[in-house]
Amino acid sequence: MSSHTDPGSSEPRASCLDLWKDKNNRLVRQVQVAQGSGLSLRRQRLAQDTLEGLRELLHSLQGLPAAVRVLQLELTVTCNFIILRVGLAQGFTEDQAQDIQRGLERVLEIQEQPGPRAEREPMELWNSVFRASCLVPELLPALHQLVGLQAALWLSADRLQDLALLLKALNGSQSGTSEDLLLLLKTWRPPAEESDAPLTLQTARGLRDVVLTAFAYRQGLRELNTGNLPEALGSLHEAASGLCSRPLLVQVYTAVGTCFRKMGHPQRALLYLTAALKEGSALGPPLLEASRLYRQLGDTAAELESLELLVEALSIAHSSEAPQLLIDVELLLPLPDAASPLHCGTQSQAKHLLASRCLQTERAEDAAEHYLDLLALLLDCSESRFSPPPCPPGPCVPELFLEAAAALIQAGRAQDALTVCEELLRRTSSLLPKTSLLSENARKGARELPHCPLWVSATHLLQGQAWAKLGAQKEAVSEFSRCLELLFRATPEDREQGAASNCEQGCRSDVTLQQLRTAALISRGLQWVASGHDAKALQDFLLGVQICPGNQDASFYLLQTLWRQDRRDEAAALWRRLEAQTKSPQEDATWSLPLYLETCLSWIRPSDRQTFLEEFQVSVQEPRDV
């Protein structure tokens, strides 16, 4: 092919190309000045002026007939224009894809193929360009730079198959799969630029390193999320050795620490988390991961200290740095996923995690204070009329109130718990069935009754527990009865109804409904026992066993009550069933229960179970020997 050396071509004079090259170089240096400018307005103005200058220069070059010397400069200007435009917009758009396609079509114009050119897919264009560029080696450095931009665009769009095909075509290989993408990126060797070549904002090698680092990090996270830990470590180590900024290095080290924790190497995990914290930027992810590590090790004090530091770190407003005017690794990464182990959430989410862990580890006083702080934070931002919003994974606002009430009761602050419950009921009063409506439905024998969210029933359950702690048996029984009244109107079909159905999925299960009913029955039964009404207590305990046959607490209290009433045969039969239950494998019935309900169930768990059962066994066996 000789079209690029044809003396009759309309290639402009060398002096004109030199002037355009000088203009490109001047614009590139202007971007470098803007990049180092600390004044955002001046920086933005310089960058926009440069972008317009590159646009005008590119327009001039594209108006010329295609020739090698023109395209050497034109492709460089195209790449500089795309890089700056992407940097200013902080992302790729369809415009950049068209700019790349236009550059490829200009390369093919060197072959002087007449007639209109049909629309072709990007990979078709690239394959044609790679074949043509073999005859035009002068264009290879600029083409590799364009490959880097195409690779960055496809990686940001998660088009990994296309990216793998591009790199294989670049290497002249048709074998292999997209799983070889990391190897393809590592073996890609862009040619060195000539010393007198036009200046570039980012070289082909620089773009290759950005894409390689971004892909290695993405691949590492993907393998971590799917449980392929050794593969994840390999990719993450590759990313750590690449072009990582300090905030990104924190993320990489944290992910490596997560891998080692899940692989059972806590000390190595701790080393990487310490390294992440030493970077001094974006400390949320390593602190959250440290809390998980200490929890796994059983070091509760260190776990809670990490969570306290996490809350503090998330409360500090970090000044956002001005984005790069070039294409960096972070620009090619997807938005943080809430399901990712590196997602540390908001300050309120961290505060809730700290409060809930304090409650679970029996640090009730600390839990109560943290929950009150959290409620104050939420109420400052909420409307006067409660409206449950769609929530991220975790409890919704009503459930936070219930957890706070449970923590206050656990901490011996029953009166404060009553205040929290009353506030919750006040804010949810619009969701409660009206008394007049209930009475009317009862008179008409209506089969369909108004839906009442389960956490409204749970509020009355906790109010009953608070009154019980205060020694007010009458009020406690009244609240437990109100709770049961609402719960027995709830049916499994109600799970898909109501304003809170999207807010509290954990409380919409049959198990939760069953356990709430049982907890309320046992709680009311214990109040009947305390006031000497064993017959009423027996009814509640028996109903609790019928509702939840596997609940050993209800069975135990029923056994005690039967024995007190001298109903020895019934007690003995129940004891034998209870013994059979304890010997058979037990399913964990509370794994999906809300924290406030787990806490409530712990209060009604009998502390003298083993002693009573041993004494009961002796007394039961005595008559058999007669």
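In what follows, the structure referred to is the one given above.
The structure presented is a predicted model; accordingly, all values stated were derived computationally and were not measured.

**Digging into the packing of aromatic side chains**
All told, the structure shown has 5 aromatic pairs when counted by the stated rule. Above the plane of the ring of Trp603 lies Lys469, whose end atom (NZ or CZ) is 5.9 Å from the centre.

**Description of the packing of helix α3 (residues 68-89) against helix α4 (residues 94-108)**
Look at α3 against α4: their axes get within 10 Å of each other, and the N-to-C directions meet at 175 degrees. Looking at the two axes, α3 sits roughly antiparallel to α4. Each of Val70, Leu71, Glu74, Leu75, Thr78, Phe81, Ile82, Arg85 and Val86 in α3 lies in contact with α4, whose residues at this interface are Asp95, Gln96, Asp99, Ile100, Gly103, Arg106 and Val107. Its residues assigned to classes, the contact of α3 with α4 comprises 8 nonpolar, 3 polar and 5 charged.

**Things to note about the packing of helix α14 (residues 300-315) against helix α15 (residues 347-360)**
Angle between the axes and distance between the axes: these two values describe a pair of packed helices. Contact geometry for α14 and α15: axes closest at 8 Å, N-to-C directions at 160 degrees. By the angle class used here, α14 and α15 are roughly antiparallel. In this structure, the crossing between α14 and α15 has a hand that is left-handed. Residues Glu303, Leu304, Leu307, Glu308, Leu310, Val311, Leu314 and Ser315 of α14 pack against Gln347, Ala350, Lys351, Leu353, Leu354, Arg357 and Cys358 of α15. Taken together, the residues of the contact of α14 with α15 sort by class into 9 nonpolar, 2 polar and 4 charged.

**Looking at helix α20 (residues 454-469)**
An ideal rise of 1.5 Å per residue puts 22 Å on 16 residues; α20 measures up with 23 Å between its terminal C-alpha atoms. With 13 of its 16 residues buried, α20 lies for the most part within the structure. Phi for Gly471, located one or two positions after α20, is positive at around 80 degrees.

**Side note on the environment of Thr346**
Residue placement: Thr346 occurs in the loop between α14 and α15. On the basis of relative accessibility, which here comes to 41%, the residue Thr346 falls in the partly exposed class. Expressed as a C-alpha distance, the spacing of Thr346 and Leu310, which sit 36 residues apart in the sequence, is 9.8 Å. Within the local environment of Thr346, its side chain forms a polar contact with the side chain of Ser348, the two groups lying 3.1 Å apart.

Analysis parameters
Residues numbered from 1 in each chain as written. Predicted model: local features only at pLDDT ≥ 70, side-chain atom pairs only at ≥ 80, totals over all residues. Heavy atoms only, no water. Phe/Tyr/Trp six-rings, centres within 6.5 Å; stacked < 30°, edge-to-face > 60°. Lys NZ or Arg CZ within 6 Å of the ring centre and 35° of its normal. Axes fitted to C-alpha atoms, helices over the stretch in contact; angles between N-to-C directions. Helix = DSSP H or I, 4+ residues; strand = E, 2+ residues; numbered from the N terminus. Parallel < 35°, antiparallel > 145°, perpendicular 65-115°, else oblique. Contact = heavy atoms within 4.5 Å. Nonpolar A, V, L, I, M, F, W, Y, C, P; charged D, E, K, R; others polar. Left-handed = near helix turned anticlockwise from the far one by under 90°. Expected span 1.5 Å × (residues − 1). Buried < 20%, exposed > 50% of the residue type's maximum accessible area, 1.4 Å probe, protein only. Polar contact = N/O pair within 3.5 Å; in protein donor to acceptor, adjacent residues only side chain to side chain.

Interpretation note: all reported values are geometric properties and have no functional meaning in isolation.
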